[in-house]
Every structure is written in C-alpha cells, then in structure tokens.
There are 2 protein chains.
Amino acid sequence: MPAPIEFFFDFSSPYAYFASHRIDELAARFGRDCLWKPMLLGPAFKASGNQRLIDQPLKGAYSTHDWERMARWMKVPYRLPEPFPVATTSAARAFWWLDSTEPRAAKSFARAVFAAYFEGGRDISAKAEVVAIGAAQACDAQALAAAIDEPVWKDKCRAETDAAIARGVFGSPFFFVDGEGFWGADRLGMLAEWLESGGW
Amino acid sequence: MPAPIEFFFDFSSPYAYFASHRIDELAARFGRDCLWKPMLLGPAFKASGNQRLIDQPLKGAYSTHDWERMARWMKVPYRLPEPFPVATTSAARAFWWLDSTEPRAAKSFARAVFAAYFEGGRDISAKAEVVAIGAAQACDAQALAAAIDEPVWKDKCRAETDAAIARGVFGSPFFFVDGEGFWGADRLGMLAEWLESGGW
C-alpha cells in the first residue's frame with residue numbers, strides 16, 4: 001500500500017475544516033490512508049512571519065467572504081464561530097492522546113471538534129468543551145481531561161507542531177503526498193491530479 | 001453581452017503570469033471579454049500588511065517550488081527570473097498608455113512583457129527593456145518611451161492601483177466577475193464554475 005497522505009491542520013482553521021470533509025475520501029480513491037495531524041498555527045505563523053487571516057486588512061474581509069462562499073460551494077454546513085480564532089491546544093493534546101491508542105477514535109473526535117466549532121459555534125478553546133465533545137464520542141472523559149494537562153501530551157503537541165514547521169508547514173491545511181507539499185483547501189484538485197498521474 | 005471579467009495583476013507575479021495563459025480563453029468560453037489591469041503590488045502589500053512571497057520564511061521556499069510545479073502542470077514555459085521580483089512601474093505605465101488608444105495592442109504588449117520576464121529572463125524593470133518589448137510588438141518606441149515618463153501615465157498607473165486596493169485587491173492575480181472577487185491562479189477552476197452556474 002502506498003504511503004499515507006498527511007493532513008496537517010489547526011482546529012481553528014476554516015479552510016482545514018472544509019478540507020476535512022474531503023481528504024479521507026480523496027485518499028481512499030487512490031488506495032491511500034490519511035494521517036490527521038493537528039498542530040498549532042501560532043508557532044507556525046511566528047516561524048513564517050505570517051499572521052491570522054482575520055486580522056489582515058483586505059485579506060481578512062476577503063477570507064471571511066470566501067469561507068461562506070466555499071461552504072456553499074462544497075455544500076458543507078458552516079458559520080463563522082464567535083470567538084474566532086481560538087486557541088486549540090486542548091483539542092490538539094486530546095487528539096494526540098487518543099491517537100496514541102485509538103487512531104480511529106482520534107479521527108472521529110477530530111471531526112466532532114470541527115463540527116462543534118464550525119457548525120455548533122461551541123468554544124473549543126475551553127477544556128470543558130473539548131472534554132464534552134470527547135465524552136459524546138464515547139471517550140473516557142476523566143482520562144481525557146487528565147491527559148490534556150499531562151506534560152507528555154503537552155510535549156507531544158509541541159513536538160508535532162515543531163516537526164511540521166521543520167518540514168515547511170506555514171499554514172492550514174497543509175498536505176504531504178510522498179514528500180510533496182500542498183498548501184490550502186483549494187489545492188485538493190491539484191493534489192488529486194498529482195496522485196492520479198504520479199506527479200509531474 | 002455580460003460584463004467583462006477584470007484581471008488585476010502585477011507584471012512581476014508568477015501566479016499572474018500563469019493565469020495570463022488561461023483567463024482570456026476562460027472568459028471567451030462564457031461569452032465574456034477580459035479586461036487586463038496591471039497594478040503595482042508594492043502599495044497593495046503596504047495596504048494589506050503583506051510582503052513579497054519570496055522574502056517570507058517557509059512560504060518563500062514553498063512558492064518557489066510551487067511556481068515550478070505549476071508551470072509543469074499547466075505546460076507553460078517558466079524560469080524564475082533574476083532579479084526577482086522587480087519594479088514594474090515602467091511596464092504598467094506603458095500598458096495604460098497603449099490601452100488608452102489600442103486595447104488589443106496593450107494586451108499583446110502585456111503578454112510580451114510576461115514572456116520577456118518569465119521565459120526570457122529579461123529585466124522588465126528597465127525602461128529600455130520595456131521599450132524594446134513594445135518596439136518588437138510594433139509600438140511606436142519613441143512615443144512609448146516618452147509616455148513612461150509623462151505625469152499623466154504615472155498618475156493613471158497610481159490611480160488604477162489605488163482603485164484596485166479600494167476594491168479589496170491585495171494580491172496578484174485578482175479577478176472580479178460581476179463584482180465577485182477571486183484571488184489567485186489556483187481559483188480559476190472555482191471562477192469557471194461560478195460563471196457556469198451563475199454563482200452560488
């Protein structure tokens with residue numbers, strides 16, 4: 001089986017949320033698995049000199065409009081949450097804890113976090129919300145709450161973010177296919193063609 | 001006939017160069033004309049707090065790789081010019097001068113400027129190069145050289161740039177279809193679907 005596609009994202013990224021609705025199906029079409037890899041955009045922005053889209057003059061307004069348009073285009077439920085963006089440390093740590101023992105459950109949890117934020121408008125920066133989302137996915141709520149504060153998962157989350165940045169990840173979503181990087185939900189078409197043709 | 005598509009670009013933008021190979025054909029497919037509108041990215045970056053891609057950590061390296069990849073994907077000749085990027089004031093002024101009397105010649109001139117820079121590696125920031133490119137397109141070289149320094153075309157170039165920024169243009173290429181803005185060469189597919197469906 002060919003190497004899995006890697007999907008790097010921050011839980012607070014609308015473009016990652018949109019991509020999350022397509023990437024597994026796309027990977028499966030080419031006999032690939034897809035590894036979801038939550039990271040923190042803050043350090044990536046610091047490393048790349050970038051800043052949050054919403055804060056940027058002109059680009060912020062364009063993006064806000066583009067998210068609405070892209071949701072309608074992809075027929076994906078979406079509402080810009082308030083507050084936006086938020087810190088996603090708790091959600092990312094919870095994911096990595098779950099992933100260490102139950103990768104499938106981790107992915108379901110990640111989908112639920114995205115939906116809670118971009119469909120339900122729930123504040124996923126709150127640890128209690130993250131725990132509630134996990135509990136609704138049949139996770140052990142008490143263990144999940146404990147894991148979020150454990151140094152090992154703090155470190156894991158930081159290490160994954162650092163590793164992503166070291167590989168050139170500066171935005172969300174960011175994909176790797178056999179070492180080839182693709183940035184942005186609007187590159188899924190190009191990524192599919194890359195898989196189809198074996199690259200060019 | 002429906003309103004023309006507007007194509008805003010800076011002559012020094014690889015993504016605009018790539019888009020220039022597709023946009024007229026795309027517009028024609030939907031019975032639309034396409035207005036080419038050169039502008040200066042410098043003021044747009046200043047207004048949006050953005051900076052040149054090539055100078056950005058991580059994103060610069062990604063873009064350099066992506067331009068090569070996109071050229072191969074689109075089967076468009078391309079070589080990153082040296083120096084890059086360059087000031088495109090002379091080329092933009094020359095375009096607007098030509099466009100005022102011969103829009104068709106202005107578009108041919110623009111294509112020739114793009115080719116000179118991204119295929120030929122000629123330094124299009126030099127006035128003499130711009131004049132030579134115009135002369136090869138059967139423009140009146142002397143009149144073109146004079147126009148580049150005339151206040152009226154300096155002002156026109158600045159006014160077009162300011163007008164673009166006022167409409168939200170922060171990058172290159174940037175398209176408007178019936179008031180709807182699309183940023184980036186990688187949005188041509190979405191733009192085509194927008195035209196096809198009448199929007200969504």
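Residues numbered from 1 in each chain as written. Chains lettered and ligands numbered in written order. Predicted model: local features only at pLDDT ≥ 70, side-chain atom pairs only at ≥ 80, totals over all residues. Heavy atoms only, no water.

Let us now look at the overall build of chain A. The helix and strand inventory of chain A stands at 10 helices and four strands. Counting from the amino terminus, helix and strand elements in chain A follow one another as β-α-α-β-α-α-α-α-α-α-α-β-β-α. For a compact globule of 200 residues, the expected C-alpha radius of gyration is about 16 Å, and chain A comes in at 16 Å, within 12% of that figure. Projected onto its principal axes, the C-alpha positions of chain A cover 50 × 45 × 35 Å. In chain A, which comprises 200 residues, the proportion classed as buried is 53%. Considering only intrachain contacts with a sequence separation of at least 6, the fraction spanning at least 24 residues in chain A is 69%. (Helix = DSSP H or I, 4+ residues; strand = E, 2+ residues; numbered from the N terminus. Rg over C-alpha atoms; globule rule 2.2 N^0.38 Å. Buried < 20%, exposed > 50% of the residue type's maximum accessible area, 1.4 Å probe, protein only. Contact = heavy atoms within 4.5 Å.)

Turning our attention to the pattern of salt bridges. Pairing of side chains with opposite charge becomes possible as their charged atoms draw close. Within this structure, the stated rule accounts for 28 salt bridges over all chains. A salt bridge links Arg187 of chain B to Asp186 of chain A, with the shortest nitrogen-to-oxygen separation between them at 2.9 Å. Of this pair, Arg187 of chain B sits in the loop between strand 4 (180-183) and helix 10 (188-197) while Asp186 of chain A sits in the loop between strand 4 (180-183) and helix 10 (188-197), on two different chains. Assessed through its relative accessible area of 3%, Arg187 of chain B is described here as buried. Overall, Asp186 of chain A belongs to the partly exposed group, its relative accessible area being 27%. Note that Asp155 of chain B and Arg158 of chain B form a salt bridge whose closest N and O atoms lie 3.4 Å from each other. One end of the pair is Asp155 of chain B and the other is Arg158 of chain B, both in helix 9 (residues 151-166) and three residues apart, which spans about a single turn. (Salt bridge = Lys/Arg side-chain N within 4 Å of Asp/Glu carboxyl O.)

Inspection of the secondary structure puts Lys37 of chain B in strand 2 (residues 34-38). Not counting the four nearest positions on each side in its chain, Lys37 of chain B is found in contact with Glu6, Phe7, Phe8, Phe9, Trp96 and Glu160 of chain B.

Looking now at the pairing of strand 4 of chain A. One ladder, built from four bridges, connects strand 3 (residues 174-177) of chain A with strand 4 of chain A; its direction is antiparallel. Following the sheet pairing, Phe176 of chain A is matched in strand 4 of chain A by Gly181 of chain A. (Pairing = 2+ DSSP bridges.)

In this section: the relation of the copies chain B and chain A. Between the two copies of the chain lies a relationship made up of a rotation around an axis and a movement along it. Overlaying chain B on chain A yields an RMSD of 0.0 Å, the required transformation being a rotation through 180° with an accompanying axial translation of 0.0 Å. Such values leave the two copies arranged in the relation of a two-fold axis. The rotation axis passes nearest to the C-alpha of Asp186 of chain B in chain B, at a distance of 3.5 Å. In this assembly, 100% of the residues forming the interface of chain B have copies in chain A that are likewise at the interface, indicating an isologous arrangement. (Least-squares fit on C-alpha atoms with pLDDT ≥ 70 in both.)

Here the focus is the sheet that holds strand 4 of chain B. Residue and element names in this part refer to chain B. Strand order in the open sheet made by the four strands is 2-1-3-4, with mixed pairing throughout. Either end of the sheet is taken by a strand with one partner, and the two such strands are strand 2 and strand 4. Here the average twist between neighbouring strands, direction ignored, is 20°. Where strand 1 (residues 5-9) lies against strand 3 (residues 174-177), three bridges are found, and the strand directions are antiparallel. The residue of strand 3 that forms the bridge with Phe8 is Phe174. (Axes fitted to C-alpha atoms, helices over the stretch in contact; angles between N-to-C directions.)

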